[in-house]
Amino acid sequence: MKLSTKMVDTINKQINEEFYSAYLYLSMASYLESQKYKGAAKWMEVQYQEEIGHAMKFYAYVNGRGEHVVLKEIKEPQKEWKSLLDVFDGAYKHEQYITKLINGIADLAMEEKDHATLALLQWFINEQVEEEANTSEIADKLKLIGNTKNGLYMIDRELGQRGMTTPTSEGE
Ligand code: OFO
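Throughout this description, residue numbers start from 1 for each chain and increase along the sequence as written. Where local features are concerned, this predicted model is filtered to residues with pLDDT of at least 70; where side-chain atom pairs are given and counted, the filter is 80 or more; whole-chain, interface and lining totals use all residues. To obtain the side-chain values, all non-hydrogen atoms of the structure were included, while hydrogens and water were left out.

Asks: Would you mind going over unusual backbone geometry with me for this structure?
Replies: With the exception of glycine, most residues fall at negative phi, and the peptide bonds are largely trans. In this model, Lys 36 sits at a positive phi of 70°, which is unusual for a non-glycine residue. Relative to the assigned elements, Lys 36 resides in the loop between helix H1 (5-34) and helix H2 (38-64). Here the term buried applies to any residue with accessible area under 20% of the maximum for its type, exposed to any over 50%, and partly exposed to those in between, with areas from a 1.4 Å probe on protein chains only. Under the relative-accessibility criterion, Lys 36 is labelled exposed at 65%. Unlike most non-glycine residues, Lys 113 shows phi in positive territory, near 50°. A run of DSSP states H or I qualifies as a helix once it reaches four residues; a run of E qualifies as a strand once it reaches two. Both are numbered from the N-terminal end. Mapped onto the elements of the fold, Lys 113 is located in the loop between helix H3 (84-111) and helix H4 (115-145).

Asks: When you look at the confidence of the model for the protein in this model, what are you seeing that I'm missing?
Replies: Residues shown with low pLDDT carry predicted positions that ought not to be read at fine detail. With 94% of its residues at a pLDDT of 70 or more, the protein has an overall mean of 95. Scored below 50 in pLDDT, residues 166-172 shows 10 contacts in the model against residues more than four places distant or in partner chains. Think of pLDDT as the predictor's per-residue confidence, scored from 0 to 100. Note on definitions: a residue-residue contact is assigned when non-hydrogen atoms from the two residues lie within 4.5 Å.

Asks: What is the right way to look at the packing of H4 against helix H5 (residues 149-160) in this model?
Replies: Pairs of packed helices are described in terms of their axes, by the angle between the two and the distance that separates them. Only the stretch in contact is used when fitting a helix axis, every axis being a line fitted to C-alpha atoms; angles between N-to-C directions are given from 0 to 180 degrees. Orientation of H4 relative to H5, taken along the N-to-C sense of each, is 160°, at an axis distance of 10 Å. Regarding the angle of H4 to H5, the classification is roughly antiparallel. Between H4 and H5 lies a crossing of right-handed hand. Along its contact with H4, which presents Ile 138, Lys 141, Leu 142 and Ile 145, the element H5 presents Gly 151, Leu 152, Ile 155, Glu 158 and Leu 159. Only Asp, Glu, Lys and Arg are considered charged in this grouping, and only Ala, Val, Leu, Ile, Met, Phe, Trp, Tyr, Cys and Pro are considered nonpolar; every other residue, Gly among them, is considered polar. A class-by-class count of the residues in the contact of H4 with H5 yields 6 nonpolar, 1 polar and 2 charged. Just so you know how the angles are binned, under 35 degrees is roughly parallel, over 145 roughly antiparallel, 65 to 115 roughly perpendicular, and the rest oblique. With the far helix as reference, a near helix turned anticlockwise by less than a right angle produces a left-handed crossing, and one turned clockwise produces a right-handed crossing.

Laid out in structure tokens, this is it:
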């Protein structure tokens, strides 16, 4: 069964959203670095890599189904935030938005009885549960510690540990 034109268009739009997510997290990483939150900046760099992995997973799927990936302009991401909490709150809100988009594609796949795409989307649905949990847990921690210098130092150090994992395994 060939992918419908509507499905190809929808996944192409999602590829753009995933690249935009990468762009947004890279922008967050640079902002954090400029604010001397080196650990949090590292965390965001890993997140950037994950998003590239998500885009490429859809890319490989569309190509693998014999269709054409059409790349569109990526919009400019936000570049300033008010605080470390503001960054992670923004990341959490962004992930909620992405979850809605993924669920929308799953609805379309169900309507079209497109089981192959649904199987791919199952991976993304699980991934979004994780993405939302990760960002909201960090935002909650930051709310608890408030503006205490010690707390911010500790959490920045903890976030920096994420760089030790293997982001390249993302999307497999
Ligand atoms: Fe691709 O999940 Fe985040 O945005």
